[in-house]
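Each chain, written out:
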Amino acid sequence: MSVCSMINAEANGAGGADPWHIVDVETLDVDTVALVIHQVEVSPRADQLAYRESEIDALWTLADMAAQAGDTDASEWLELLWQAHDHVGDGDRTRALAALTRLRDRLVETERRRNRHNASM
Amino acid sequence: MLRPEDNKLITEVGPGTPMGELFRRFWLPVVASEDMEDPDGAPVRLRILGEDLVAFRDTDGKVGVLSAYCPHRRANLFYARNEEGGLRCVYHGWKFDVTGRCLHIPSEPARSNFKDKVRAPGYPTQERGGLVWAYMGPPDKQPEFPEYEWAEVPANQRVISASLVECNWLQTLEGDIDTAHVSFLHRTLNPSTTLKWARFVENFTEYVTKDRSPSLTVKSTDYGFVYGGRRVGGEDDYYWRFSHWLVPSTSETPGSAERPGRIVVPIDDRNSMSFSFVWHPHRALSAEEAIANGRNNGQPLHPWELADGYVIDTRRSPLNRDNDFKIDRHVQRTKRFSGILGTPPEEDRAMTETMEPVLDRSKEHLGTSDIAIIAMRRRLIKMARDLAEGVEPALAKQAWAFRTRGYDVVSRHAEFEDVLEEHMSELTPGRVTTATSG
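If you're wondering where the values come from, they're calculated on a predicted model, not measured in any experiment.

Caption draft 1: Spotlight on the overall build of chain A. For chain A, the count of helices and strands is 4 helices and 0 strands. Each helix and strand of chain A, ordered N terminal to C terminal, gives the series α-α-α-α. Per-residue burial for chain A yields a buried fraction of 49% across its 121 residues. Expressed as a percentage of contacts within chain A between residues at least 6 apart in sequence, the contacts between residues at least 24 apart total 53%. Within the structure as shown, chain A displays about 5700 Å² of accessible surface, and the carbon and sulfur contribution to it stands at 49%.

So, in structure tokens, the structure goes:
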């Protein structure tokens, strides 16, 4: 992989190991967080982790918008994203991945709970 | 986004702060040469990195940058007599040369050697590229002067502007490396009405109007990073804009004719100086280009009172917060996206100066298009923390690394690496051995 290959957003979900690819962050959901987790896993270098920080920033933006809209789950998402953000900034991928994995798991639980709630109505 | 503690670390620049110390490892412009042309002329009041200073040109034309306060009773040396090779405090007559050496203490007994033991705190200076530069760091860490190419070309190939920016240095610099805002803030509503001497590629306005979401690439380098924004034109043409960020606060932004750039120097935590340069690598600027880019345009320095009451001598744009940057809503509807009939830097200041004086980055909401800003912050935070732990910035000793040019080009290449390789000689040129400093 070249050091400075062009980045664009057309290959979300392709599953390749391109640390220079930026995930399109349009929704805060399990799939998007899983893509970001994958990108953190394949990004060992500091300049690659700046790309990951931009994705986490975008996720945080969506979480904060959810919080402002009254989503009671969002405060936990925000804290986990702060943790992931800071660990990525410090180059600590292990702890960043732990925070993102916990976020993904929390989103899974939230989706299940909300699906059950919707089904019961 | 940044935690408040990281935001504090990266924005505060006073003596002893991590970021302030990082700045102090580099040569910094402090005043334009044209603002202190006359030997024995009036001293200029400055504040740089939170330190109150005076700059003066002595009888022989040498420039000194000293603490504003006389070491005797701390009278302000702005009021000093600039005469016969030094600055003489008018309070008790103590006199200092451009290095801060005390030349005379008339109030002490004639036999006294007191003057040999007194110094005015001061900093080494150089005049390059139409600017006076100071090195404010530890003497044993003083680096060679950086090989800025724009500072080495003959004076008629360059224009310099120096002006006040009324906000923290970082939010100013962040605007300089943010290519995405070009498609909005600096856009005319009619693509055909571009200035005929515009520095960008011929169809600049069409490209930035058509594609407002450029694909972005940041490549880390010795000096900071090179940053490319790609806009799609037709089926086989891409408009590439390349900018450089050079640690700590220089940006060289795109141009294919004359090349623009800027060094942001903190006055204190809430104000900055912008030292802009527009230059051509190969020829003298035309009179038209020089006038269009010479934003000082003969305006002298004026006293300006900072928030704590201290007065500096600077140049404030006639478009400023006091008059809402003269925004014209009719112009906004019909001619300019911003509605501000000013220069791009004035449009930039309308955005950055009307944030908080020190932007609270824990409250912002970034997207993936903010990658360059994120990469820059992260690098600066790391360098400031490293320095606080005793790891000196290697770049300060790599004078050659500062030879960069912003560039814009229409290319058939869609890949960053390919277009970078094709135009490497424009982006990171070799040393010009025949150039002279102006």
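And the narrative resumes.
Caption draft 2: Main features of the interface of chain A and chain B. On the side of chain B, 27 residues touch chain A, which itself brings 31 residues to the contact. Summed over both partners, the interface of chain A with chain B comes to about 2400 Å²; 60% of that surface belongs to carbon and sulfur atoms. Put simply, chain A and chain B have 3 salt bridges between them. Salt-bridge contacts for Arg3 of chain B lead to Asp86 of chain A; the nearest nitrogen and oxygen are separated by 2.3 Å.

Caption draft 3: Up close: unusual backbone geometry. All names here are of chain B. Between Val247 and Pro248 the backbone carries a cis peptide bond, its omega angle lying at 0°. Its location among the elements puts Pro248 in the loop between strand 15 (238–246) and strand 16 (250–252). Look at Phe325: it is not a glycine, yet its phi comes out positive at around 55°. The backbone of Lys326 shows a phi angle near 55°, a positive value even though the residue is not glycine. Among the structural elements, Lys326 can be located in the loop between strand 20 (311–314) and helix 6 (329–334).

Caption draft 4: Summary view of the packing of helix 2 (residues 46–68) of chain A against helix 8 (residues 371–388) of chain B. At their nearest, the axes of helix 2 of chain A and helix 8 of chain B sit 9 Å apart, and the two run at 120° to each other. On the basis of their axis angle, the class for helix 2 of chain A and helix 8 of chain B is oblique. Seen from above, helix 2 of chain A lies across helix 8 of chain B with right-handed handedness. In this structure, helix 2 of chain A uses Ala50, Tyr51, Glu53, Ser54 and Asp57 of chain A to contact helix 8 of chain B, whose residues at the interface are Ile371, Ile374, Ala375 and Arg378 of chain B.

Caption draft 5: Summary view of the nonpolar core. If you look at the biggest cluster of nonpolar residues, it comprises 107 residues, and the most contacted ones within it are Met19, Trp150, Trp169, Phe225, Phe242 and Leu380 of chain B. Here this core takes 10 residues from helix 8 of chain B, the largest share from any one element. Discounting residues that sit within four places of it in the chain, Met19 of chain B has contacts with Leu9, Ile10, Glu12, Val13, Trp169, Leu380 and Ala384 of chain B. Leu28, Ala74, Ala84 and Leu107 of chain A belong to the second largest nonpolar core, which has 30 residues in total.

Caption draft 6: Structural context of a negative patch on the surface. Judged by side-chain charge, Glu415, Glu417, Asp418, Glu421 and Glu422 of chain B come together as a negatively charged surface patch. Mapped onto the elements of the fold, Glu417 of chain B is located in helix 9 (residues 416–422).

Caption draft 7: Region of interest: the sheet that holds strand 9 (residues 122–123) of chain B. What the 4 strands build is an open sheet, ordered 2-3-4-9 (chain B); its pairing is antiparallel. At either end of the open sheet lies a strand with only one pairing partner, and these are strand 2 (44–48) and strand 9 of chain B.

Caption draft 8: Spotlight on the side chain of Asp348 of chain B. Residue and element names in this part refer to chain B. Structurally, Asp348 can be placed in helix 7 (residues 344–352). One buried charged residue, Asp348, forms no salt bridge at all, with the nearest opposite charge on Arg262 at 4.9 Å. A polar contact is formed between the side chain of Asp348 and the side chain of His181, at a distance of 3.2 Å. Within the structure, the side chain of Asp348 is placed 2.9 Å from the side chain of His186, a separation counted as a polar contact. Leave out the neighbours within four places in its chain, and Asp348 touches His181, Leu185 and His186.

Caption draft 9: Structural detail: the sheet that holds strand 7 (residues 95–96) of chain B. All names here are of chain B. Pairing in this open sheet of 4 strands is antiparallel, and the strands run 5-6-7-8 from one edge to the other. A single partner strand is all that each edge strand has here, and the edge strands are strand 5 (81–83) and strand 8 (102–104). As paired elements, strand 5 and strand 6 (residues 86–88) share 3 bridges and run antiparallel to each other. Bridging from a neighbouring strand, Asn82 pairs with Leu87 of strand 6.

Caption draft 10: Geometry of the pairing of strand 18 (residues 272–279) of chain B. Residue and element names in this part refer to chain B. For strand 18, a buried count of 8 out of 8 residues is recorded, marking the element as mostly surrounded by other parts of the structure. The alternating pattern of strand 18 places Ser272, Ser274, Ser276 and Val278 on one face and Met273, Phe275, Phe277 and Trp279 on the opposite face, and all of these are buried. Two elements, strand 12 (residues 158–165) and strand 18, share 8 bridges in a ladder whose sense is antiparallel. Within strand 18, the residue paired with Ser161 across the bridge is Ser276. Sheet analysis places strand 17 (residues 259–266) next to strand 18, joined by 8 bridges and oriented antiparallel. Its bridge partner being in strand 18, Pro266 is matched across the sheet by Ser272. Between the end of strand 17 and the start of strand 18, which pair antiparallel, lie 5 residues.

Caption draft 11: Inspection of the packing of aromatic side chains at higher detail. Residues and elements named next belong to chain B. Going through the model one piece at a time under the given rule, you end up with 21 aromatic pairs over all chains. Centre to centre, the rings of Trp27 and Tyr135 are 6.0 Å apart; their planes meet at 50°, and the pair counts as tilted. With Trp27 in strand 1 (residues 27–32) and Tyr135 in strand 11 (residues 131–135), this residue pair connects regions lying 108 residues apart in the sequence. Accessibility expressed as a relative area gives 5% for Trp27, which makes it buried. Taking the centre distance of 5.3 Å and the plane angle of 70° together, the rings of Tyr148 and Phe402 count as edge-to-face. Pair noted here: Tyr148 is in the loop between strand 11 and strand 12 and Phe402 is in the loop between helix 8 and strand 21 (407–411), with a separation of 254 residues, a long-range link. Note on Phe402: relative accessible area 3%, which makes it buried. Grouping aromatic residues by their ring pairs yields a cluster made of Trp27, Trp133, Tyr135, Phe145, Tyr148, Trp150, Phe277 and Phe402. A cation sits over an aromatic face here: Arg45 above Phe78, 3.7 Å from the ring centre.

Caption draft 12: Region of interest: helix 3 (residues 74–89) of chain A. Taking 1.5 Å of rise per residue, 16 residues should cover 22 Å, and helix 3 of chain A covers 22 Å from first to last C-alpha, within 8% of that figure. The buried fraction of helix 3 of chain A amounts to 12 of the 16 residues, a majority that puts the element mostly inside the structure. Of the residues making up helix 3 of chain A, those classed as buried are Ala74, Trp77, Leu78, Leu80, Leu81, Trp82, Ala84, His85, Asp86, His87, Val88 and Gly89 of chain A. Its buried side turned inward, helix 3 of chain A meets helix 2 and helix 4 (93–120) of chain A together with helix 8 of chain B. Looking one or two places after helix 3 of chain A, you find Gly91 of chain A, whose phi comes out positive at around 80°.

Calculation notes
- Residues numbered from 1 in each chain as written.
- Chains lettered and ligands numbered in written order.
- Predicted model: local features only at pLDDT ≥ 70, side-chain atom pairs only at ≥ 80, totals over all residues.
- Heavy atoms only, no water.
- Helix = DSSP H or I, 4+ residues; strand = E, 2+ residues; numbered from the N terminus.
- Buried < 20%, exposed > 50% of the residue type's maximum accessible area, 1.4 Å probe, protein only.
- Contact = heavy atoms within 4.5 Å.
- Areas by Shrake-Rupley, 256 points an atom, 1.4 Å probe, with all protein chains shown as cover.
- Buried area = accessible area lost by both parts, 1.4 Å probe.
- Salt bridge = Lys/Arg side-chain N within 4 Å of Asp/Glu carboxyl O.
- Axes fitted to C-alpha atoms, helices over the stretch in contact; angles between N-to-C directions.
- Parallel < 35°, antiparallel > 145°, perpendicular 65-115°, else oblique.
- Left-handed = near helix turned anticlockwise from the far one by under 90°.
- Core = buried A, V, L, I, M, F, W, Y, C linked by side-chain atoms within 4.5 Å.
- Patch = residues over 30% accessible without salt bridge, like charges linked within 9 Å, V, L, I, M, F, W, Y side chains within 5 Å.
- Lys, Arg positive; Asp, Glu negative; His and termini not counted.
- Charge placed at Lys NZ, Arg CZ, Asp CG, Glu CD.
- Pairing = 2+ DSSP bridges.
- Polar contact = N/O pair within 3.5 Å; in protein donor to acceptor, adjacent residues only side chain to side chain.
- Phe/Tyr/Trp six-rings, centres within 6.5 Å; stacked < 30°, edge-to-face > 60°.
- Lys NZ or Arg CZ within 6 Å of the ring centre and 35° of its normal.
- Expected span 1.5 Å × (residues − 1).

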